[in-house]
Amino acid sequence: MDAYDLVQLSTGEMLRQETKLKSKLGDEAKVLMDAGKLVPDDLIIAMISGRIDDTKGAGVILDGFPRTTAQAEVLDQMLVDKGMQLDRVIQIEIPEPEVIARLTGRFSCAKCGTGYHEVFNKPKVAEICDKCGSKEFVRRSDDNVETARSRLRAYHEQTAPILPYYEAAGRLSTVDGMGGVDQVFARIKEIVEGA
Ligand code: AMP
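Okay, so let's go over this structure. (Residues numbered from 1 in each chain as written. Predicted model: local features only at pLDDT ≥ 70, side-chain atom pairs only at ≥ 80, totals over all residues. Heavy atoms only, no water.)

Quick look at the nonpolar core
Formally: Here, nonpolar core refers to any group of buried Ala, Val, Leu, Ile, Met, Phe, Trp, Tyr and Cys residues whose side-chain atoms link them within 4.5 Å. Burial status follows relative accessibility: with a 1.4 Å probe on protein chains alone, a residue under 20% of its type maximum counts as buried, one over 50% as exposed, and anything between as partly exposed. Under the DSSP-based scheme used, a helix requires at least four consecutive residues in state H or I and a strand at least two consecutive residues in state E, with every element numbered from the N terminus.
In terms of nonpolar packing, the biggest core is built from 21 residues, with Leu15, Val39, Ile44, Ile48, Phe65, Met78 and Tyr166 touching the most fellow members. Where this core is concerned, the elements lending two or more residues are α1 (11–21), α2 (24–34), α3 (41–54), α4 (69–82) and α7 (163–168). Top element by residues in this core is α3. It accounts for five residues. If you look at the next biggest cluster of nonpolar residues, it comprises five residues, including Ile100, Leu103, Ala148 and Leu152.

Side note on the packing of α1 against α2
Threshold: Angles run from 0 to 180 degrees between N-to-C directions of axes, and those axes are lines fitted to C-alpha atoms, restricted for helices to the stretch in contact. Oblique is the label for any angle not covered by the other classes, which are roughly parallel (under 35 degrees), roughly antiparallel (over 145) and roughly perpendicular (65 to 115). For any helix crossing, the convention is left-handed if the near helix is rotated counterclockwise from the far helix by under a right angle, and right-handed if that rotation is clockwise. Residues count as neighbours in contact if any of their non-hydrogen atoms are within 4.5 Å of one another.
Where α1 contacts α2, the two axes come as close as 7 Å, and the packing angle between them is 120°. When the interaxial angle is binned, α1 and α2 end up oblique. For the crossing formed where α1 meets α2, the hand is left-handed. Seen from α1, the contacting residues are Gly12, Leu15, Arg16, Glu18 and Thr19; seen from α2, they are Leu25, Gly26, Ala29, Lys30 and Met33.

Comments concerning the site of the ligand
For clarity, the threshold we go by: Only heavy atoms are used to decide nearness, and a residue is near a molecule or strand if one of them lies within 4 Å of it. Side-chain atoms alone can form a polar contact between residues adjacent in sequence; in general such a contact is a pair of N or O atoms within 3.5 Å, and within protein one must be able to donate a hydrogen while the other accepts it. For every accessible area listed, the method is Shrake-Rupley and the probe measures 1.4 Å; residues are considered covered only by the protein chains on display.
Around the ligand sit 16 residues in total, of which Thr11, Lys37, Gly64, Gln71 and Arg140 are the nearest. Interatomic distance of 3.0 Å between a backbone N/O atom of valine 39 and a nitrogen atom of the ligand. In this structure, arginine 67 approaches the ligand through a side-chain N or O atom, which is 3.0 Å from a nitrogen atom. Burial of the ligand by the protein chains amounts to 94% of its free accessible area of 490 Å².

Here's the deal with the sheet that holds strand β5 (residues 115–117)
Backbone hydrogen bonds are what pair the strands of a sheet, in a parallel or an antiparallel way. Note the threshold: Strand pairing requires that DSSP identify at least two bridges connecting the strands.
Across the sheet, three strands lie side by side as β5-β4-β6; this open sheet has antiparallel pairing. The open sheet has two edge strands with one neighbour each: β5 and β6 (137–138). Alignment of strand β4 (residues 106–109) against β6, held across two bridges, turns out to be antiparallel. Residue serine 108 lies in a different strand from β6, and its bridge partner there is valine 138.

Things to note about the side chain of glutamine 91
With respect to the helices, strands and loops of the structure, glutamine 91 is situated in strand β3 (residues 89–93). Look at glutamine 91 and you get buried, because its relative accessible area is 16%. One polar contact links glutamine 91 to threonine 174, side chain to side chain, over a distance of 2.9 Å. The residues touching glutamine 91, leaving out its near neighbours within four places in the chain, are Tyr155, Leu163, Leu172, Ser173, Thr174 and Val175.

Such coordinate-based values are descriptive only and should not be taken to indicate function.
Listed below in structure tokens is the structure:
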């Protein structure tokens, strides 16, 4: 996150890079990602641990990790071992129809990665990236209705159960995710600055 000079570590983004490289991990992950299922814990943990080490003590924002109780437990131990601490867990809440609408309408510039949405955040000039002028856009292969519904199922079954753990530790903050990017960011900012 630029505003705070944090290194953003997104496990989903790391897996998409592996998929592009056609590595063994990437090939294995792609099948699961396209089905909206979680990638096994051991693969995720091995992947993220080294990446946290690479940040060499900078502040980190973990995006999409941990997603299971086993991952949360390993993260606790990793933080102790690396002499780091968890300041806040931020849960962004939005109704499910809105989640589906956001996921299925989003796309990004193939060149610079700027994100757009076909209804909520269109490029200023149709089909041209505001930032770099490219005319090439990409969509994630898992951003379709069917896969989005399985991703939500995986969230309820495997990820939501870790929330009480962070709540009991006094680390959980819940943010209303409805509204525009600036509004939601302002809500998150309040939490980060009070952490
Ligand atoms: P995301 O980019 O966070 O939406 O993640 C995209 C997909 O990558 C998910 O639907 C999972 O298949 C996989 N994935 C990302 N992070 C994790 C994780 N922490 N544990 C298991 N699977 C993950």
